[in-house]
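# Understanding the architecture of this molecule
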Amino acid sequence: MQPIPVNEPLLDGNEKKYLSQCIDTGWISSEGDFVKQFETQMANRVRRKYGISVCNGSVALEVAITALGIGQGDEVILPTFTIISCAAAIVRAGATPVVIDCDRLTWNINVNQIQAKITAKTKAIMVVHIYGLPVDLNPILEIADKYGLKIIEDAAEMHGQTYYNKPCGSFGDISTFSFYPNKHITTGEGGMVLTNDEKLAEKCRSLRNLCFQPQQRFIHEDLGWNFRFSNLQAAVGVAQLERLDEFVAKKRSMGKLYTELLADIAQIQLPLAKTDYAENIYWVYGVVLSEELPFDAKEVMERLKEYKIGTRPFFWCMHEQPVFQKMGLFAGVSCPVGENLARRGFYLPSGLALTEEQIQRVAQTLREIIEQEEQKLC
Ligand SMILES: *Cc1c(COP(=O)(O)O)cnc(C)c1O
């Protein structure tokens, strides 16, 4: 039985060729031409004026928050069901994260619960598109406009996705991407901040590069980081970006096949195929076990592991993170939808290198496991 990894990227385009060019020319640092090329191409792709590459998607959020001037005394609204990077960036900046529960079907932030959480201290809303389906942005953009809030759009899982035909990553004041190997396009490690605002772009570029000053390089007015992105990473990125449409189409057909194979299993909830504003691009193919089943995601994942099938649990909600509870954050917060997703959701192998035969084996094995567990109950 061959193992089926939870994620394996596809690197069989021009990656090697462009990497060789870096090595042959000696341009391997952040100063190389591929870096500029990748920044420009990503910006064009999501119709932003400026793209600022950084070393991963987590620090892209830190740069975005800091560039917007968010800090002590400010509150930032975000979904509770997301990756730690989102809340960590807010907390590290000295601001307070305010979490919102998610929608049962889309797994994205429940837009109807945002307005009630706005206070005089609210500075921004961090929009995070989850697992392949974008957040319903229009109501959030309206709220932001009404209350004068900034929008940070975390599009780390949304390469090539659109919201009403407009690219994800083009919304709000500033947006971020990640190029980790499980994303739709990868550079190994990598990230980007995008904006249309020249001053914000300048600030991001400076923060990424230790806030060196052009005139007096070693005199610093502000504290930055070395979050630079190398030409080697960018070379891979340029090659990957050439294939983004192909990759998105492949993910969509993988998602469609999983759905066809699993749709008749009543005890599991599958990802929503589409909404009014978008068609799922299945960053990962998630499944949620119904509450009637007497076991949780952990047990099913362990059973799948016996068949050498790799899986990952869903995100664990921010308000339930021990690290934040120890800081005294989120006392008394309850988000029942997110709490349930975190316990009953997990995702199946979803990497771009996955074959149809592998998807069939995964679906068949999952079906058998659920049927066996059911029989035990009878
Ligand atoms: C992957 C991801 C990140 C973090 O990106 P890294 O490059 O792994 O640091 C941030 N936000 C979301 C929504 C992600 O999926």
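Residues numbered from 1 in each chain as written. Predicted model: local features only at pLDDT ≥ 70, side-chain atom pairs only at ≥ 80, totals over all residues. Heavy atoms only, no water.

A few words now on the UniProt feature "modified residue: N6-(pyridoxal phosphate)lysine" (unreviewed entry) in the protein. UniProt's feature table lists "modified residue: N6-(pyridoxal phosphate)lysine" (unreviewed entry) at K183, given in the numbering used throughout. You can see K183 is positioned in the loop between β8 (174-178) and β9 (191-195). Assessed through its relative accessible area of 11%, K183 is described here as buried. Discounting chain neighbours no more than four positions away, the residues touching K183 are A156, E157, H159, S178 and W283. (UniProt positions renumbered as here; feature names shortened; annotations may be inferred. Helix = DSSP H or I, 4+ residues; strand = E, 2+ residues; numbered from the N terminus. Buried < 20%, exposed > 50% of the residue type's maximum accessible area, 1.4 Å probe, protein only. Contact = heavy atoms within 4.5 Å.)

Relative to the elements of secondary structure, S178 occurs in strand β8. A polar contact of 3.2 Å, which involves the side chain of S178, links it to the backbone nitrogen of Y180. In contact with S178, not counting residues within four places along its chain, are G57, A156, H159, K183, I185, G190 and G191. (Polar contact = N/O pair within 3.5 Å; in protein donor to acceptor, adjacent residues only side chain to side chain.)

So, about the nonpolar core. F81, M126, Y131 and I152 are the most contacted members of the largest nonpolar core, which totals 52 residues. Every element with two or more residues in this core is listed here: β1 (50-54), α3 (57-67), β2 (75-79), α4 (84-92), β4 (122-128), α6 (198-208) and α11 (336-344). Ranked by residue count, the leading element in this core is α3, at seven residues. Discounting residues that sit within four places of it in the chain, F81 has contacts with C102, W107, I130, Y131, F314, F315, C317, G338, L341 and A342. (Core = buried A, V, L, I, M, F, W, Y, C linked by side-chain atoms within 4.5 Å.)

Before going further, it helps to spend a moment on the site of the ligand. In the region of the ligand, 13 residues are neighbours, and S58, D154, E157, S178 and K183 sit closest. A distance of 2.7 Å separates an oxygen atom of the ligand from a polar side-chain atom of S178. Contact distances for the ligand include 2.7 Å between an oxygen atom and a side-chain N or O atom of K183. For the ligand, whose free accessible area comes to 380 Å², the fraction covered by protein is 92%. Residues of the shell around the ligand, tallied by class, amount to four nonpolar, six polar and three charged. (Near = heavy atom within 4 Å. Areas by Shrake-Rupley, 256 points an atom, 1.4 Å probe, with all protein chains shown as cover. Nonpolar A, V, L, I, M, F, W, Y, C, P; charged D, E, K, R; others polar.)

As a further point, take the packing of aromatic side chains. Centre-to-centre distance and the angle between the planes together describe a pair of aromatic rings. Counted by the stated rule, this structure contains 22 aromatic pairs. Taking the centre distance of 5.8 Å and the plane angle of 20° together, the rings of F38 and F229 count as stacked. Residue F38 is located in helix α2 (residues 33-45), and its partner F229 is located in the loop between α6 and α7 (231-241); the two are separated by 191 residues in the primary sequence. Across this residue pair, the class does not change: F38 and F229 are buried. Between Y282 and Y285, the aromatic rings sit 5.7 Å apart at their centres with planes inclined by 25°, giving stacked as the arrangement. Over the face of the ring belonging to F171 we find K166, whose NZ or CZ atom lies 4.4 Å from the ring centre. Over the aromatic face of F212 sits the side chain of R217, whose NZ or CZ is 3.8 Å from the ring centroid. (Phe/Tyr/Trp six-rings, centres within 6.5 Å; stacked < 30°, edge-to-face > 60°. Lys NZ or Arg CZ within 6 Å of the ring centre and 35° of its normal.)

Of the positions making up α11, those classed as buried are V337, G338, N340, L341, A342 and R344. Packing partners of the buried residues in α11 comprise β11 (285-289), α9 (297-306) and β13 (345-348).

Notably, R47 is not glycine yet its phi reads approximately 55°, a positive angle. For C211, which is not glycine, the phi torsion reads 55° and is therefore positive. Mapped onto the elements of the fold, C211 is located in the loop between α6 and α7. For C211, a relative accessible area of 6% puts it in the buried group.

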